[in-house]
Amino acid sequence: MGFMPGSSCSSLCLLGALALLLRPSNSQGCGSPPVIPHGHYTYLTGYLALTTEVQYECNEGYALVGAAIISCRFLGWSSPAPQCQALCLKPKLPNGKLSVDKEQYISPETITVRCDPGYRMVGSQRISCSENKSWSPAVPSCEKQVPEDRNIVQAGKNLLQCLPSPRDSKMALELHKLSLEIEKLEQERDKGKII
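Residues numbered from 1 in each chain as written. Predicted model: local features only at pLDDT ≥ 70, side-chain atom pairs only at ≥ 80, totals over all residues. Heavy atoms only, no water.

(A) Geometry of the state of the cysteines. On inspection of all chains with the given rule, the structure shows 3 disulfides. The residue that forms a disulfide with Cys 58 is Cys 84, at a sulfur-sulfur distance of 2.1 Å. Disulfide Cys 58-Cys 84: torsion about the S-S bond near -90°, hence left-handed. Placement of Cys 58 in strand β2 (residues 52-58) and of Cys 84 in strand β6 (residues 83-89) is noted, with a sequence separation of 26 residues between them. Through a disulfide, Cys 88 is tied to Cys 129; the S-S separation comes to 2.1 Å. What sets the handedness of the Cys 88 and Cys 129 disulfide is the S-S torsion sign, and at about 90° it is right-handed. Taken together, the residues Cys 88 in strand β6 and Cys 129 in strand β11 (residues 126-129) connect sequence positions 41 residues apart. For the pair Cys 88 and Cys 129, one class covers both residues: buried. (Disulfide = S-S within 2.5 Å. Helix = DSSP H or I, 4+ residues; strand = E, 2+ residues; numbered from the N terminus. Buried < 20%, exposed > 50% of the residue type's maximum accessible area, 1.4 Å probe, protein only.)

(B) Structural view of the pairing of strand β4 (residues 69-73). Taken together, the 4 bridges between β2 and β4 define a ladder with antiparallel strand orientation. From the neighbouring strand, Gln 55 faces β4, where its bridge partner is Ile 69. The pairing of β4 with strand β5 (residues 76-77) spans 2 bridges and is antiparallel. Looking at the pairing, Arg 73 lines up with Gly 76 of β5. (Pairing = 2+ DSSP bridges.)

(C) Layout of the side chain of Ser 71. Relative to the assigned elements, Ser 71 resides in strand β4. Each residue touching Ser 71, except ones within four places of it in the same chain, is listed here: Thr 52, Glu 53, Gly 76, Trp 77 and Ser 78. (Contact = heavy atoms within 4.5 Å.)

(D) Examining the pattern of salt bridges more closely. Scanning the model with the defined rule gives 5 salt bridges in all. As a salt-bridge pair, Lys 97 and Asp 116 come within 3.0 Å of each other at their nearest N and O atoms. Placement of the pair is Lys 97 in strand β7 (residues 96-98) and Asp 116 in the loop between β9 (110-115) and β10 (119-122), with a sequence separation of 19 residues. Between Glu 143 and Arg 120 there is a salt bridge; the shortest N-O distance is 3.7 Å. Taken together, the residues span a long stretch of sequence, with Glu 143 in strand β13 (residues 141-144) and Arg 120 in strand β10 at a distance of 23 residues. In this structure Glu 143 comes out as partly exposed when scored by relative accessible area, which is 36%. (Salt bridge = Lys/Arg side-chain N within 4 Å of Asp/Glu carboxyl O.)

(E) Unusual backbone geometry, seen in detail. Pro 108 follows Ser 107 through a cis peptide bond whose omega is 10°. Within the element layout of this structure, Pro 108 appears in the loop between β8 (104-106) and β9. Omega for the bond connecting Ser 136 with Pro 137 falls within 30 degrees of zero, at -15°, which places this linkage in the cis form. For Pro 137, the location among the structural elements is in the loop between β12 (135-136) and β13. A positive phi angle, close to 65°, is found at Lys 133, a residue other than glycine. With respect to the helices and strands, the residue Lys 133 is situated in the loop between β11 and β12.

(F) Inspection of the sheet that holds β5 at higher detail. Strand order across the open sheet formed by 4 strands is β1-β2-β4-β5, with antiparallel pairing between neighbours. Of all the strands in the sheet, just β1 (39-43) and β5 have a single pairing partner and so form its edges. Bridge count between β1 and β2: 5 bridges; the pairing is antiparallel. By the bridge assignment, His 40 is partnered in β2 with Glu 57.

(G) Region of interest: the pairing of β6. Most of β6 is tucked away: 5 of the 7 residues are buried. For strand β3 (residues 62-65) and β6, the ladder comprises 4 bridges, and the chain directions are antiparallel. Bridging from a neighbouring strand, Tyr 62 pairs with Ala 86 of β6. With 3 bridges joining them, β6 and β8 adopt antiparallel strand pairing. Of the residues in β8, the one forming a bridge with Leu 87 is Ile 106.

Don't take any of this as a statement about function, it's just geometry.
Dropping the structure here:
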């Protein structure tokens, strides 16, 4: 059976041939969709479509940054392939606060850590979500500040436990208070001589 001009079969064949010619391929500039680390793509369009579309998804623990769907046009892909960036979970920080408070952070996001009043930071104040899904440097801790005169307080506590009666303890506290006031007055007097 031959094709006759104007027949419906020849029109369909011509349309199919045109679709194949217009379909983007390696020879028209796109090539295979870009491969991305920590993710994959799936084709969204069929073989006879005029454009090829692919949709990207990331593996668990990674977030998609960029256009999820890109398409092949005559001159190449419509946009660069997206990236799959690592996700870090919110750091646990008792007695402290984060400059940005959310459940997950995307690499290479950096946050600042602040300790509550009465606590001091042990570790780095600025931490970043790294590509291996952990914080770098390590998440600091906020530890209770110890008074500078801790040894004096401990010595005083030990002394009070050694005194035989509450009256003796009260007398010792009054004498200590008086010695602190004398020391303060002497410092003020010495400052007056220097100036």
